[in-house]
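Chain residues, written in single-letter form:
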Amino acid sequence: MNTYIEGTYAKVEDALRAVDTLIMRGHDTDSITLISNQTHQEEQLKAVAITVKQLSDLTSQEKQSLGKHVEDVNEGRFVLQVTEKKIS
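Presented here is a report on the structure given in the accompanying data block. These figures come from a predicted structure and were not determined experimentally. (Residues numbered from 1 in each chain as written. Predicted model: local features only at pLDDT ≥ 70, side-chain atom pairs only at ≥ 80, totals over all residues. Heavy atoms only, no water.)

## Section: helix α1 (residues 12-24)
So, step 1. Along its 13 residues, α1 runs 18 Å from first to last C-alpha, staying within 8% of the 18 Å computed at 1.5 Å per residue.
So, step 2. Turning to α1, its buried residues are Val12, Ala15, Leu16, Ala18, Val19 and Leu22. The arc that holds every buried residue of α1, seen down its axis, measures 155°, which confines them to one face. Opposite the packed face of α1, turned more than 90 degrees from it, sit the exposed residues Arg17 and Met24.
So, step 3. Of the residues one or two after α1, Gly26 is the one with positive phi, at around 105°. (Helix = DSSP H or I, 4+ residues; strand = E, 2+ residues; numbered from the N terminus. Expected span 1.5 Å × (residues − 1). Buried < 20%, exposed > 50% of the residue type's maximum accessible area, 1.4 Å probe, protein only. Arc of directions from axis to C-beta.)

Now the structure itself:
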């Protein structure tokens, strides 16, 4: 599996538009993770069928895979991570 950062977004609305674009391109919702540094209770996130994680809940390995984007999350941005499944 290949995991990459699709982008970082200052507003949840922008991140969710990117999620919609990924889904339109054929990505499964279970392959998309939105990462932030705080609990977001926005109704938009409750309605979306993707994984939403807080930075504090990530394992060391997951944080390492974010690389320099940990800094983006610490600054309050949303990071959109995609895991592509290996096609046999």
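After that view, the rundown keeps rolling.
## Some words on the environment of Gly67
So, step 1. By secondary structure assignment, the location of Gly67 is in the loop between α3 (60-66) and α4 (69-74).
So, step 2. Judged by its relative accessible area of 40%, Gly67 is partly exposed.
So, step 3. Residues Gly67 and Ile5, 62 residues apart in the sequence, show an inter-C-alpha distance of 9.6 Å.

## Looking at the side chain of His27
So, step 1. Considering the arrangement of structural elements, one finds His27 in the loop between α1 and β2 (32-36).
So, step 2. Ignoring any residue separated from it by four or fewer positions in sequence, one finds His27 in contact with Tyr4, Leu22, Ile32, Val82 and Glu84. (Contact = heavy atoms within 4.5 Å.)

## Details of the pattern of salt bridges
So, step 1. Taken as a whole and judged by the stated rule, the model has three salt bridges.
So, step 2. We note a salt bridge from Arg25 to Glu6, for which the minimum N-O separation is 3.9 Å. Of this pair, Arg25 sits in the loop between α1 and β2 while Glu6 sits in strand β1 (residues 2-9); the two residues are 19 residues apart in sequence, bridging distant segments of the chain.
So, step 3. When its relative accessible area of 27% is taken as the criterion, Glu6 is described as partly exposed. (Salt bridge = Lys/Arg side-chain N within 4 Å of Asp/Glu carboxyl O.)

## Points about the pairing of β2
So, step 1. With five of five residues buried, β2 is to be regarded as a mostly interior element.
So, step 2. Residues Ile32, Leu34 and Ser36 of β2 are buried on one face, and the alternating residues Thr33 and Ile35, pointing to the opposite face, are buried as well.
So, step 3. As defined by bridge partners, β2 adjoins strand β4 (residues 78-84) across four bridges and the pair is classed as antiparallel. Each residue of the ladder has a partner; that of Thr33, found in β4, is Gln81.
So, step 4. Bridge count for β2 against strand β3 (residues 51-54) is four bridges, and the pairing is parallel. (Pairing = 2+ DSSP bridges.)

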